[in-house]
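Structure at a glance
So the chains spell out like this:
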Amino acid sequence: MKLLATAIAGLAIVGQPLASASPTARTDVKLPLPQRLLHDWANGSWVENISVRPNGNLLVSTSTPDGSVWQIKEPWKDQPEVELVYNFDQWVDRLIGIGETTPDKYVVVGSRFYSTDPMSSHVDRTFAAMELDFSGSANKDKPAVRLIAWFPDAHLLQGVAALPWDRTKVLISDQYLLRPRAAPQKDWTPARGQVWTLDTVTGAHEVVFANDTALDTTYRHGYDVGINGIKIRRDWLYWVNSDDGNIYRLKIDKTGHAVPPAKPEVVAFQDTIWDDFTFGPEHEDTIWATGFNAIFAASPQGKVVTVNGVGTSDNGIMPGPTACAFGRSPHDRNILYVTGNMGEIPVDIEHVHLKGWVRAIDTTGFHF
Ligand SMILES: *[C@@H]1O[C@H](CO)[C@@H](O)[C@H](O)[C@H]1NC(C)=O
Ligand SMILES: *[C@@H]1O[C@H](CO)[C@@H](O)[C@H](O)[C@H]1NC(C)=O
Ligand SMILES: *[C@@H]1O[C@H](CO)[C@@H](O)[C@H](O)[C@H]1NC(C)=O
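A quick note: this is a predicted structure, and the numbers were derived from the prediction, not measured.

**Things to note about the overall build of the protein chain**
Looking only at helices and strands, the protein chain has one helix and 24 strands in total. Whereas a compact globule of 368 residues would reach a radius of gyration of roughly 21 Å, the protein chain reaches 19 Å, a difference of no more than 12%. Its C-alpha atoms give the protein chain principal-axis dimensions of roughly 50 × 50 × 45 Å. Of the contacts formed within the protein chain by residues at least 6 apart in sequence, a portion of 56% connects residues at least 24 apart.

Laid out in structure tokens, this is it:
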């Protein structure tokens, strides 16, 4: 979740290529990568996360004006059909992460919020994990929904990633910057970062990793969260620390707990404000990540290249990117779908224009 304070904290670098991220010559592809707008939502909307269904349709979660999931059908088409799947307003006002558990079943997390203002905060003790299940329905576009568990002790539930050994169990990242409050924020001390495990069948949940500075904000970029997007690959939990610019990984066991000595390793660094990331598609260890109004690719050796947005000749094209995922159909395996929450890069905090969007970036031919 990219908070507005983040967008403002980094304004000074808008329009300036980031020194360590300047596009270098590639053998068979030019930067910025080709991209197109698939859909944008009304003013005031905020699209926060994305998950790709086994049939290739995209599911995206919204943080404003309400906590809904939308579907973009057959996103490889010129004019894909876009429809509201479900509004979770009986439980929450805002959704953040969405992640697939068993095939075509999803966990979404969110909470009550005081208002739809981007600087508003969650209401204390109202976080919840809910399920959206397309796997059993006769009508494949009308999923079953249910509450999995309340999380009264969560700070701000963010990203969701299923354990590969038992996909009914997920890990969830958690850290707030905007404190639960009805009035303007005075105390900007963020919560410490932590990671929960949730059994989606029983609703049982507990904190499995905490008390490590790799999860926390350092104020490197101003007010921001630390741990944000998470993914699990093989025996490793990966996460971006939005604030310190690192992508970390930590070895975990089959229950999602850290393997001793439980020391996170830095996989890549970029002086940006990360939000989310994914792996693939040609080389499974290539990381693609959304950062400060830009999209990055990171090699397994830790080399980072800006592929779209600020730092390329197409500076303004990725305002407020929030999450990314590769296509899952034969038509779009090299397409990186990116969600975002702004209409344009704001000039100052008075002029932020929330507007949700999803873009498709063609990564064909890109490699390190
Ligand atoms: C949406 O916001 C933009 C920028 O503030 C404005 O130019 C446009 O007229 C708005 N559109 C609608 C339909 O209100
Ligand atoms: C977005 O969702 C993916 C799963 O589809 C998850 O791995 C990631 O952590 C989420 N990111 C954020 C920022 O919520
Ligand atoms: C973090 O530290 C606190 C205070 O020492 C402790 O109560 C808690 O169990 C620790 N959490 C984890 C997951 O180790």
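**A word on the UniProt feature "binding site: Ca(2+)" (unreviewed entry) in the protein chain**
Within this structure's numbering, the places UniProt gives as "binding site: Ca(2+)" (unreviewed entry) are Glu48, Gln158, Asn228 and Asp275. In terms of the greatest pairwise C-alpha distance, the residues named above, spread along 228 residues, form a tight cluster of at most 11.8 Å across. Here Glu48 lies in strand E2 (residues 46-52). Here the side chain of Glu48 touches Trp46 through a polar contact of 3.0 Å, side chain to side chain. Take Asn228: it is sitting in strand E14 (residues 227-233). For Asn228, a relative accessible area of 3% puts it in the buried group.

**Some thoughts on the pairing of strand E8 (residues 127-133)**
Within E8, seven of the seven residues are buried, leaving the element largely enclosed by the surrounding structure. Every second residue of E8 is oriented toward a common face, with Phe127, Ala129, Glu131 and Asp133 on one face and Ala128, Met130 and Leu132 on the other, all of them buried. Pairing analysis gives six bridges linking strand E7 (residues 105-111) to E8, with the strands arranged antiparallel. The residue of E8 that forms the bridge with Gly110 is Ala128.

**Remarks on the sheet that holds E7**
What the four strands build is an open sheet, ordered E6-E7-E8-E9; its pairing is antiparallel. With partners counted over all chains shown, the strands left at the sheet margins are strand E6 (94-100) and strand E9 (144-151), one partner each. Each strand of the sheet is rotated relative to its neighbour by a mean of 25 degrees, with strand direction disregarded. For E8 and E9, the ladder comprises seven bridges, and the chain directions are antiparallel. In the strand pairing of E9, Ala129 is matched with Ala149.

Parameters at a glance
Residues numbered from 1 in each chain as written. Chains lettered and ligands numbered in written order. Predicted model: local features only at pLDDT ≥ 70, side-chain atom pairs only at ≥ 80, totals over all residues. Heavy atoms only, no water. Helix = DSSP H or I, 4+ residues; strand = E, 2+ residues; numbered from the N terminus. Rg over C-alpha atoms; globule rule 2.2 N^0.38 Å. Contact = heavy atoms within 4.5 Å. UniProt positions renumbered as here; feature names shortened; annotations may be inferred. Polar contact = N/O pair within 3.5 Å; in protein donor to acceptor, adjacent residues only side chain to side chain. Buried < 20%, exposed > 50% of the residue type's maximum accessible area, 1.4 Å probe, protein only. Pairing = 2+ DSSP bridges. Axes fitted to C-alpha atoms, helices over the stretch in contact; angles between N-to-C directions.

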